[in-house]
Amino acid sequence: SSPHLQTYEQRAKKHGNPAARKLLETMERKKTNLSVSVDVTKKKDFLAIIDVVGPFVCLIKTHIDIIEDFDQTVIEHLQELSVKHDFLIFEDRKFADIGNTVALQYSSGVYKISSWAHLTNAHAVPGPSIITGLSSIGLPLGRGLILLSEMSSKGALTTGSYTEDAVRMARSRRDFVVGFIAQKRMDGIGAIEADDVTEEDFLVLAPGVGLDSKGDAMGQQYRTPREVVLESGCDVIIVGRGIYGKSDQLDVENVRKQAERYRQEGWSAYLERVSL
Ligand code: 5BU
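Quick caveat, the model's predicted, so the values are computed rather than measured.

## Points about the UniProt feature "binding site: substrate" (unreviewed entry) in the protein
- In the UniProt entry, the feature "binding site: substrate" (unreviewed entry) is given for Asp39, Lys61, Ser152, Gln220, Gly240 and Arg241.
- Assignment of secondary structure puts aspartate 39 in the loop between strand S1 (34-37) and helix H3 (43-53).
- Residue aspartate 39 is classed as partly exposed on the basis of its C-beta count, with 17 C-beta atoms lying within 10 Å.
- Aside from chain neighbours lying at most four places away, what touches aspartate 39 is His63, Ile66 and Gly240.
- You can see glycine 240 is positioned in the loop between strand S8 (236-239) and helix H9 (241-244).
- Setting aside residues up to four positions removed in sequence, glycine 240 forms contacts with Ser37 and Asp39.

Following this line, the structure appears as structure tokens:
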């Protein structure tokens, strides 16, 4: 049956990529398909939020380049928290250049993303060479790549044949590409008869998730965990401001409460889905 009707545990046993396998195992063990996107600019707030939401998430999503007071201790503490609370790390870098450049951006510079992020992502727009470049660094380290096949923002150009071509690119590199940022499952999309799609299991990570708001003033659009997981078959819900609110008024107790609330919503939608 289609991967989204199987349990995360069943899928973990069959997955060929170590990062994807570890993520699926973590989801099952902690009973969570929640990823929190920690988009704050101070390292103190960044680490405080992660310490609070850690018990409720399978994955922490970062934009490491927005931290103003970044230094190497941010990564050290992030890694300590990932062990303490048992979650994986996803740097939402959205690589978009030629293979040689993205390999350098992934491995080098200030952030050395490949040394600490289990997952990172890339636009499909440069074509298959972006996967060749990133995999030359990430594959030996046991990392996984997520391709952007759809975006959550109003008017996104990631539709139709672009989405199909992105899925085809992923299908030809299943050793390294483990899933999509998308708004729905991509099973069989763009496949031609010669493609064997029965063995493929792409994780679908969905941003644009919120319970109390339909969007923001800059084009973000929100759907509920139930819509995303049950109706659209996505595997991981990505929630940012829905959990930590306005980061200049951090209310730790409320962050904990919201993380538990989204975990509960996402997990019950998943349980309903696999019992169909
Ligand atoms: P929010 O606060 O829940 O709206 O944050 C959403 C996060 O997901 C934010 O870090 C975005 O950069 C990220 N995102 C997104 O919202 N939509 C997309 O299509 C992609 C990433 Br790709």
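## Structural notes on the nonpolar core
- Counting residues in each nonpolar core, the largest one holds 80 residues, and the members touching the most others are Val53, Leu134, Leu147, Ala206 and Ile237.
- In this structure, valine 53 is in contact with Val36, Ile243, Val255 and Ala259, ignoring residues within four places of it in sequence.

## Things to note about the packing of H3 against helix H10 (residues 252-274)
- Two elements in contact, H3 and H10, have axes separated by 9 Å at closest approach and are oriented at 45°. On the basis of their axis angle, the class for H3 and H10 is oblique. Two packed elements cross with a definite hand, and for H3 against H10 that hand is right-handed. Between H3 and H10, the contacting residues are Ala48, Ile49, Val52 and Val53 on the first element and Val252, Val255, Arg256 and Ala259 on the second.
- Taken together, the residues of the contact of H3 with H10 sort by class into seven nonpolar, no polar and one charged.

## Observations regarding the environment of valine 52
- Along the chain, valine 52 falls in helix H3.
- Separated by 45 residues in the primary sequence, valine 52 and aspartate 97 have C-alpha atoms spaced 35 Å apart.
- Ignoring anything within four residues of it in the chain, the contact list for valine 52 reads Val252, Val255 and Arg256.

## Overview of the sheet that holds S1
- On the basis of which strands lie adjacent, the closed barrel formed by eight strands has the order S1-S2-S3-S4-S5-S6-S7-S8 and parallel pairing. Strand-to-strand twist in this sheet, taken as the mean axis angle between neighbours without regard to direction, amounts to 25°.
- The pairing of S1 with strand S2 (residues 59-62) spans three bridges and is classified as parallel. Residue pairing in the sheet places valine 36 in a bridge with isoleucine 60 of S2.
- Across the face of the sheet, helix H2 (residues 18-30) comes into contact with S2, strand S3 (88-95), strand S4 (119-123), strand S5 (144-148), strand S6 (177-181) and strand S7 (203-206) while running at roughly 130° to S3.

## A closer look at the site of the ligand
- Residues in contact with the ligand amount to 17 residues; listed here are only the nearest, Met151, Ser152, Pro207, Gly240 and Arg241.
- Put simply, the parts of the chain that give the shell around the ligand at least two residues each are S8 and H9.

## Side note on the UniProt feature "active site" (unreviewed entry) in the protein
- Here the UniProt feature "active site" (unreviewed entry) sits at Asp92, Lys94 and Asp97.
- Within the fold, lysine 94 resides in strand S3.
- If near-sequence neighbours (up to four positions away) are discounted, lysine 94 is found in contact with Asn121, Ala122, His123 and Leu148.
- Tracing the chain through its elements places aspartate 97 in the loop between S3 and helix H5 (99-107).
- Exposure remark for aspartate 97: the 17 C-beta atoms within 10 Å place this residue in the partly exposed category.
- Once residues within four sequence positions are removed from consideration, aspartate 97 is found in contact with Val102 and Pro126.

Rules used throughout
Residues numbered from 1 in each chain as written. Predicted model: local features only at pLDDT ≥ 70, side-chain atom pairs only at ≥ 80, totals over all residues. UniProt positions renumbered as here; feature names shortened; annotations may be inferred. Helix = DSSP H or I, 4+ residues; strand = E, 2+ residues; numbered from the N terminus. Buried ≥ 20, exposed ≤ 12 C-beta atoms within 10 Å, placed from the backbone. Contact = placed C-beta atoms within 7 Å. Core = buried A, V, L, I, M, F, W, Y, C linked by C-beta atoms within 7 Å. Axes fitted to C-alpha atoms, helices over the stretch in contact; angles between N-to-C directions. Parallel < 35°, antiparallel > 145°, perpendicular 65-115°, else oblique. Left-handed = near helix turned anticlockwise from the far one by under 90°. Nonpolar A, V, L, I, M, F, W, Y, C, P; charged D, E, K, R; others polar. Pairing = 2+ DSSP bridges. Near = placed C-beta within 6 Å.

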